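Chains, contacts and geometry: an overview
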Amino acid sequence: IDIMLLILFLLQLGIIASAAAGHQTMTIRRRVQEESPLATCDPKQHQCRCQDNDNDHDLQGRRSIRVASFDIHCLRLRRNADAFESIANITIELECLGYNELHEEILADAKLKTGYYDGFMFGPFLTGEMVKVGGLHDLTPYVQQGGAYDLRWNDMFRFNREHAAVYDNKVVMIPLDGDVLSFFYRKDLFEKYDKQPPKTWEEYTELAKFFHGKVEPLPGSSSNETVTLSGSCVGRKFRCQEEHWIILILSSMTQHTGTKTGFLFDTSNMEPLLGEAFVETIRFTEEQFAYGADNEMEGCFDSTNIAKMNSGQCAMTYGWGDSFTEGAKGPPTSFVSGLIGTAQTPGSPVYLDRLSQKLAQCTGATCSCKGDDAASTNACLNVAPYTAFTGWSGAVSSFSSKYRQDDTTDFFAYASSPEVSLFDTIPNITGGAPFISVDPFRVSHTNAQDWIDAGLPADSVVSYLETIKEQQSDPNAVIDIRIPQTPAFLDELKVVMNEHIIKINEKKLQGLTGDDLFSSEEEKWEVERKLRAKWKALIASYDRENSQNLLEIYQRSLGIYAPTYNNQDLSKIRPVGLTLCCILLVTSLGFACWTFLHRRNNIIKVSQPLFLYTFCFGCFVLGSSIIPLSIDDSTTSVSGASKACMAFPWLVSIGFTTSFAALFSKIWRVVRVMKSSMAMRRVEVKYTDVLGPFVVLLTMNLVLLLVWTILDPMKYERTYSPQTLESVGSCQSSGNVWKYCVSFIFVINFIAIIAANVLAYKGRNIGSDFVESKWIMLCTASIFQVMLIGAPLMALVSENVVASYFVSAILVFVIGESILLFIFLPKLYETKTRTGSSKSSKNVKISMPSVTPSTRERKSAFPSSRDSVEQRESGAQLKDSVVQGEAELGGE
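A brief structural summary. (Residues numbered from 1 in each chain as written. Predicted model: local features only at pLDDT ≥ 70, side-chain atom pairs only at ≥ 80, totals over all residues. Heavy atoms only, no water.)

1. Some details on the packing of aromatic side chains
What describes a pair of aromatic rings is the distance from one ring centre to the other and the angle between the planes of the rings. Our working definition: Planes of paired rings set the category: under 30 degrees apart is stacked, over 60 is edge-to-face and the rest tilted, where pairs are Phe, Tyr or Trp rings (Trp by its six-membered ring) whose centres lie within 6.5 Å. Each residue gets one of three labels from its accessible area relative to the maximum for its type: buried under 20%, exposed over 50%, partly exposed in between, using a 1.4 Å probe on protein chains only. Starting at the N terminus, helices and strands are each numbered in turn, a helix being any DSSP run of H or I of at least four residues and a strand any DSSP run of E of at least two. For a ring to carry a charge above it, either NZ of a lysine or CZ of an arginine must fall within 6 Å of the ring centroid while also lying within 35 degrees of the normal to the ring plane.
If you walk through the whole model with that rule in mind, you get 39 aromatic pairs. A ring pair is formed by Phe183 and Phe190, whose centres lie 6.5 Å apart and whose planes are at 70°; its orientation type is edge-to-face. A single burial state applies to Phe183 and to Phe190, both of which are buried. Taking 4.2 Å as the distance between ring centres and 15° as the angle between the ring planes, the aromatic pair formed by Phe324 and Tyr464 counts as stacked. Residue Phe324 is found in helix 12 (residues 322–327), and its partner Tyr464 is found in helix 16 (residues 458–472); the two are separated by 140 residues along the sequence. Exposure class is identical for Phe324 and Tyr464. Each is buried. Each residue in the set Phe183, Tyr185, Phe190, Tyr193, Trp201, Tyr204, Phe210, Phe211, Trp245, Phe301, Tyr318 and Trp320 is aromatic and connected to the rest through ring pairs, giving one cluster. One cation-aromatic arrangement involves Arg63 over Tyr403; the distance from NZ or CZ to the ring centre is 5.9 Å. In this structure, Lys214 is placed above the aromatic ring of Tyr193, and the distance from its NZ or CZ to the ring centre is 5.1 Å.

2. Comments concerning a nonpolar patch on the surface
The test is simple: Candidate patch residues must exceed 30% relative accessible area and have no salt bridge, after which like charges are joined if within 9 Å and Val, Leu, Ile, Met, Phe, Trp or Tyr side chains if within 5 Å. Computed by Shrake-Rupley with a 1.4 Å probe, the accessible areas treat only the displayed protein chains as cover when residues are assessed. By definition here, a salt bridge exists when the distance from a side-chain nitrogen of Lys or Arg to a carboxyl oxygen of Asp or Glu is within 4 Å.
A cluster of nonpolar residues, Val703, Leu706, Val707, Ile710 and Leu711, forms a patch on the protein surface that exposes about 460 Å² of accessible area. Accessibility expressed as a relative area gives 32% for Val707, which makes it partly exposed.

3. Examining the state of the cysteines
What counts is decided by this rule: Note on terminology: disulfide denotes any pair of cysteine sulfur atoms within 2.5 Å.
Applying the stated criterion across every chain, the model contains six disulfides. One disulfide bridge connects Cys240 with Cys300, the sulfur atoms lying 1.6 Å from each other. A torsion of 115° about the S-S bond marks the disulfide between Cys240 and Cys300 as right-handed. With Cys240 in the loop between strand 9 (226–228) and helix 9 (243–254) and Cys300 in the loop between helix 10 (275–290) and helix 11 (301–310), the pair connects residues that are 60 residues apart, well separated along the chain. Each member of the pair Cys240 and Cys300 is classed as buried. Covalently, Cys369 is tied to Cys380 through a disulfide, its sulfur atoms 1.9 Å apart. Its S-S torsion of approximately 50° makes the covalent link between Cys369 and Cys380 right-handed. Taken together, the residues span a long stretch of sequence, with Cys369 in the loop between strand 13 (358–361) and strand 14 (386–387) and Cys380 in the loop between strand 13 and strand 14 at a distance of 11 residues. According to the relative accessible area criterion, Cys369 is buried, its value standing at 9%. Using a relative accessible area of 5% as the deciding quantity, one classes Cys380 as buried. Cys581 carries a free sulfur, and the closest cysteine sulfur to it, the one in Cys582, is 5.4 Å from it.

4. Some details on the environment of Tyr403
Mapped onto the elements, Tyr403 comes out in helix 13 (residues 402–416). Once the C-alpha coordinates of Tyr403 and Ser64 are considered, the two residues, 339 residues apart in sequence, prove to be 9.3 Å apart.

5. A short note on helix 22 (residues 609–624)
What counts is decided by this rule: Expected helix span is computed as 1.5 Å times (number of residues minus one).
Its 16 residues place the ends of helix 22 22 Å apart at the C-alpha level, agreeing with the 22 Å of an ideal helix rising 1.5 Å per residue. The complete set of buried residues in helix 22 reads Pro609, Phe611, Leu612, Thr614, Phe615, Cys616, Gly618, Cys619, Val621, Leu622, Gly623 and Ser624.

6. Topic: the packing of helix 22 against helix 28 (residues 801–833)
Using the following cut-off: Axes here mean lines fitted to C-alpha atoms, for a helix over just the part in contact, with angles spanning 0 to 180 degrees between N-to-C directions. Any angle that falls under 35 degrees is termed roughly parallel, while one over 145 is termed roughly antiparallel, one within 65 to 115 roughly perpendicular, and all others oblique. For any pair of crossing helices, the crossing counts as left-handed if the nearer helix is rotated counterclockwise from the farther one by less than a right angle, and right-handed if it is rotated clockwise. Residue contacts are counted whenever heavy atoms from the two residues lie within 4.5 Å of one another. Throughout, the ten residues Ala, Val, Leu, Ile, Met, Phe, Trp, Tyr, Cys and Pro are labelled nonpolar, Asp, Glu, Lys and Arg are labelled charged, and all others, Gly among them, are labelled polar.
Packing of helix 22 against helix 28 leaves a shortest axis separation of 9 Å and a crossing angle of 160°. Put simply, helix 22 runs roughly antiparallel to helix 28. Considering the relative orientation of helix 22 and helix 28, their crossing is left-handed. Mapping the contact onto sequence places Leu612, Phe615, Cys616, Cys619, Leu622 and Gly623 in helix 22 and Val812, Ile815, Gly816, Ile819, Leu820, Ile823, Phe824 and Lys827 in helix 28. Residue classes in the contact of helix 22 with helix 28 are distributed as 11 nonpolar, two polar and one charged.

7. A look at the sheet that holds strand 7 (residues 182–186)
To keep it simple, the criterion reads: Two strands form a pair only when DSSP identifies at least two bridges running between them.
In space, the three strands of this open sheet follow the order 10-7-11, with antiparallel pairing throughout. Of all strands in the sheet, those with a lone pairing partner are strand 10 (316–319) and strand 11 (340–343), marking the two edges. Strand after strand, the sheet turns through a mean of 30° between neighbouring axes, direction not considered. Here strand 7 runs beside strand 11; their pairing, made up of four bridges, is antiparallel. Bridge pairing links Phe183 to Ala343 in strand 11. Here helix 11 sits on the sheet in contact with strand 7, strand 10 and strand 11, set at roughly 140° to strand 10.

8. Notes on helix 11
A large share of helix 11 lies buried, amounting to seven of its 10 residues. Among all positions in helix 11, only Phe301, Thr304, Asn305, Ile306, Lys308, Met309 and Asn310 are buried. Residues of helix 11 that are buried sit in contact with strand 7, helix 9, strand 10, helix 12 and strand 11. At the exit of helix 11 stands Gly312, carrying a positive phi of roughly 85°.

The values are spatial; any link to function lies outside them.
Put into structure tokens, the structure is as follows:
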């Protein structure tokens, strides 16, 4: 007994010491470890082709590569591939795929790690998904070494080389296109009516209203043919790039301090940037739609923004450079060649405060303003050029062989080189020429003379190229989101806005105008709330199913992620907890097997095998609770960690209640038999009698756990601190129900422990080897002591997850082992020292509680012979009753 108590005492000292050490580590900052780069192809790990594989060469013995591309760009890439094959003496197999098929194929190839495609020209929106599966080869060393084939990295626009080609501060693609939305307008009309390009979206609406419905001569017409103007021409067909027009307006208010601050989500907490900015976006969209082209609900970018402008039916629009390059072509493609002016898209005099989600006045200190306003405290305009889609880029597969990676990188460097890409960028203005859709992405592309020599109108070219250059070099240029689920986020935006614009269109078709046409403020806010809820649901769903949350990915996509010290790092302490778990599980199973093997032994019979099995089962469940306790977001997804959060209290409560209720029932049975014997009457204690306390205690615990799980379940959450570079992952409940449930569970079980100790104290003088009251008393006393010390200790270390984990595992281990060792070790000893049941029955010793006679009965120092006989008969009856009660419950 002394040895066991000493062991328990040392374990409790260990708990206190670990808690103190764990509490101290909370204030210690660990050095941030530099993360390893993206893995390259490893034949032992990936199903990829090796550099010495015959598949690296074609039938003529030349090295070969396979490149996937969007079919529109295949004409361009095929021309580049033919030229590069003769230069590099390699074979390029080019696969031309549709837009959706292209991105599905390259993502599937990356997920399977097959390395089927060595490279691909793809939309950067897929970058987040590709990086997630390790599918993009790191091109940073290649760029740092200067590349090959006249790559000239510094000739790229600032935005392209610093943001578009970079993900998580690594170069992962080579730009082959430059996308930025610009404002396009009819110069002849603006000059005729003395109008200037709009600086704000309010001005855009005013100009659209002014020009809408005016009848003007058809440009280039030899007759007196006229057209009725649309004030604004923007295609709003559902799921046809219409999300870019919404983001263009929204980002002018939500991004105001640089590209790396993001425009769609708060970079500190992933909160959607909507609020009053989105309500204003809806207002501007409605106004533009009111003075827009008739086919906007059925038209896309090409059939509305471009075609309406080129036909002379539109006063102004916004879009990619295709609006200019297609408009510069002659009839029948365009009737406005030389008449299209280009300017930056409108800015905003207000910005969105990310904390309050309200709009505030821009100043030089709060917004990205131009000129003298940039350093002024006066009101100014926030300018945020939107690089919608970011531009087609070439990337190399991580799962290709080294030779293929090098050849593919060289090919994209060649296709991106100044002279080669300039040929693709300057449009063939011949009427009916194929649509190539490549916008400038290099400084060298903005040499106006190259464009003029190709036959483009000088005045229009200069304004176009200067606008592109200025926007692509803007430090506040907006980069599209490049995270997993990007299509889902944008699709939700399309859905809610399309539903809203359909309602406005119905009113427009009914002939309503002015305030009757536009929605109310409440209707706009309802759209905002709906979209916010959908986006937050997507974020929560992704974070539940993945170990890396979207906030971290979003930060990495912008190049602002700072690796944090994981204050939830259980990697070093987890083996200790799982070792304790294994010991407790093995001990439980071992004692259960031992009980079964010795089930015919009188000691086991009298101790009732059912109770012994119950002890083992309860301690086994209790020990298994350490398994979910050891789970966090480093071993499974957030969803899995959240399930483990609730599994722990269920297993602890069920395991402890089962074991302790059996213990309580056992001591309650002993005391009941003792009282019956003292009353000189025989009593039979059945299983149904002793199961009462067990059922009551277990039911109360289960009800409280059920209420907790349904009303306020724990979920795993990781919180980040940008100031301390630390993160803490823990189980948290959103409400207060859990506090009441935990309190009631603790109080109920603590009262049961006190009651068990009281009963054990009452039965302290029954010292039978079979009755085992002494061991039960020591067991309940030990549990009481552990609970008394463990509760405040858990509160002390609750802020430190590592210390909390260690203390919880130790408490579970000590309670489980206390029950098992105090109950089973004496029986092990007795079965070793006794040779048979007959010998066991002869050694029964019963210590009678001392009975002090009253003063009136104390007549002599020695009892009379009659008194002696009565006391002997009473003792014999007590012994017979106790043993009989034990035997009846034990059974043969």
